[in-house]
Amino acid sequence: MSTQYSHLTLEDRVQIELFLEQGYSQAEIARRIGVNRSTICRELHRNSWQPESDHTNLRPYLRNKLDSRDPHERIYLAGQAHLHAERRATRSHQPYQMRHDQLADWVITHLRRGWTPEEISGRLTAEFSDDHRMRVSVETLYEWIYAPAQRHRELWQYLARGQKKRRRKKGRSVQTERIKYRTSIHDRPKAIETREEFGHWESDSVLGARGTGSIHTTVERVSRYYVGVKIPAVAADLTVQAQLGVYRGLPVHAVRSITTDNGSEFAHHYKLADAIGVPTYFCDPYSAYQRGTNEHFNGRLRRYLPKGTSFDDLTQAELDEYVWEINNRPRKVLGWATPAEVLHELCSG
């Protein structure tokens, strides 16, 4: 017989009970059933029954066994053992941490605020440093959100993509345009790539439904601070005005360069350079990953303003509220500080 481990069946457990009554050792029982000795040891340890701790209605059926044993001695019953094993099996893949009510409530509250599982997991460590029950990994959160037991809550709708199933994320390609005096990203100083120097920005446009305007967006690469300005149309002059409105309100050391795609709205980049002396670098066509920070934050803004949304009734005040929430959520890359906190510190330094 094989001695490899296998899950015990009800028939196996009936045999174990009979062999125990006949006085066989654990090693002999394992040999006769065809399992490893440790399987029998583990089975008896986990699924034995203690008479004094179970329901008294069972006693009349076990009188002969109970009368001949110490009341504190554990008894192995095949039926009871099988029930215990099945009950544990149904719980074996449930996220244990989420059984703590305070943790579950905190997680649900912040999911509804739009926080990602990664942000929630990271912030828990900072806010509940002394309470180890308030801990949960990112993967456990995803498993819990998509677990059948949580289906009625529909927590998936609060995730970034709002999908019932987890899918791979796909980026958006950029359009190519002929732009005068264009400087390629490959001519950009290498120091910008390392994110060690504050003041380098990535910019793009978020479009509303056809003919309803757009939002000029820009994000600082070190602090991940995000800004959005509503403009009536995707046009070069309007974009330059929006850029000047943002960058003139910042300290000089906070604006050193800008990186954009090849959209026609950035065709007047040289006017920005003339006004505040800041160069603009252009990514390769269809290479959105070269300004991935901006793409990521535009995705966050799309949670508030999905594609196809009309911007006709969108006010700058409403847009500022959405951007404020984005900038005041903790980021793993910032050590769970918020972009607003980091920008304030860097601008004050």
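All of the points below concern the structure found in this document.

Another point: the overall build of the chain. Counting its regular elements, the chain contains 14 helices and 5 strands. Counting every position in the chain, which comprises 349 residues, the buried fraction comes to 44%. Pairs at least 24 apart in sequence give 63% of the contacts found in the chain among residues at least 6 apart. Accessible surface for the chain amounts to roughly 20,000 Å². Of this, 48% is attributable to carbon and sulfur atoms.

Taken together, the 5 strands give an open sheet; going across it, the order is β3-β2-β1-β4-β5, and neighbouring strands pair in mixed fashion. A single partner strand is all that each edge strand has here, and the edge strands are β3 (226–231) and β5 (280–282). Averaged over all adjacent pairs, the angle separating strand axes in this sheet is 25°, with direction ignored. Lying over the sheet, helix α12 (residues 292–302) contacts β1 (200–207), β2 (214–220) and β3, oriented at roughly 40° with respect to β1.

What follows deals with the packing of helix α6 (residues 101–112) against helix α7 (residues 117–127). Across the interface, α6 lies against α7 with an axial gap of 11 Å and an inter-helix angle of 125°. Between α6 and α7, the angle falls in the class oblique. Taken as a pair, α6 and α7 cross one another with a handedness that is right-handed. Across the interface between the two elements, L103, W106, V107, H110 and L111 from α6 touch I120, R123, L124 and E127 from α7. Its residues assigned to classes, the contact of α6 with α7 comprises 6 nonpolar, 1 polar and 2 charged.

Taking every second residue as pointing to the same face, both faces of strand β4 (residues 257–260) are buried, with S257 and T259 on one and I258 and T260 on the other. Bridge count for β1 against β4 is 3 bridges, and the pairing is parallel. Counterpart to H200 in the pairing with β4 is S257. Assessed by its sense of winding, the connection that carries the chain from β4 through helix α11 (residues 269–276) to β5 is right-handed.

Mapping S184 onto the fold places it in the loop between α8 (138–146) and α9 (190–193). Among the polar contacts made by the side chain of S184, one reaches the main-chain amide nitrogen of H186 at a distance of 3.1 Å. Excluding anything up to four places from it in sequence, S184 contacts Y281, F282 and D284.

With that settled, consider the nonpolar core. Formed by 19 residues in total, the largest nonpolar core has its most connected members in M98, V107, I120, L124 and W144. Those elements that place two or more of their residues in this core are α6, α7 and α8. When near neighbours in sequence (up to four residues on either side) are disregarded, V107 contacts M98, I120, L141 and W144. Membership of the second largest hydrophobic core comes to 13 residues, among which are L244, V255, I258 and V278.

This part is about unusual backbone geometry. The phi dihedral of Y181 is positive, around 55°, even though this residue is not glycine. One can find Y181 in the loop between α8 and α9. Even without a glycine there, the phi angle at R195 is positive, about 60°. For R195, a relative accessible area of 25% translates into the label partly exposed.

Once that is clear, we can look at the pattern of salt bridges. The full count for this structure, using the stated rule, is 15 salt bridges. For K332, the salt bridge goes to E118, with nearest N and O atoms at 3.6 Å. Taken together, the residues K332 in the loop between α13 (316–327) and α14 (339–348) and E118 in helix α7 connect sequence positions 214 residues apart. Its salt-bridge partner being E193, residue R188 comes within 2.5 Å of it at the nearest N-O pair. One network of salt bridges, with partners in common, ties together D204, D261, R291 and E295.

Analysis parameters
- Residues numbered from 1 in each chain as written.
- Predicted model: local features only at pLDDT ≥ 70, side-chain atom pairs only at ≥ 80, totals over all residues.
- Heavy atoms only, no water.
- Helix = DSSP H or I, 4+ residues; strand = E, 2+ residues; numbered from the N terminus.
- Buried < 20%, exposed > 50% of the residue type's maximum accessible area, 1.4 Å probe, protein only.
- Contact = heavy atoms within 4.5 Å.
- Areas by Shrake-Rupley, 256 points an atom, 1.4 Å probe, with all protein chains shown as cover.
- Pairing = 2+ DSSP bridges.
- Axes fitted to C-alpha atoms, helices over the stretch in contact; angles between N-to-C directions.
- Parallel < 35°, antiparallel > 145°, perpendicular 65-115°, else oblique.
- Left-handed = near helix turned anticlockwise from the far one by under 90°.
- Nonpolar A, V, L, I, M, F, W, Y, C, P; charged D, E, K, R; others polar.
- Right-handed = clockwise from strand over helix to strand, strands pointing away.
- Polar contact = N/O pair within 3.5 Å; in protein donor to acceptor, adjacent residues only side chain to side chain.
- Core = buried A, V, L, I, M, F, W, Y, C linked by side-chain atoms within 4.5 Å.
- Salt bridge = Lys/Arg side-chain N within 4 Å of Asp/Glu carboxyl O.

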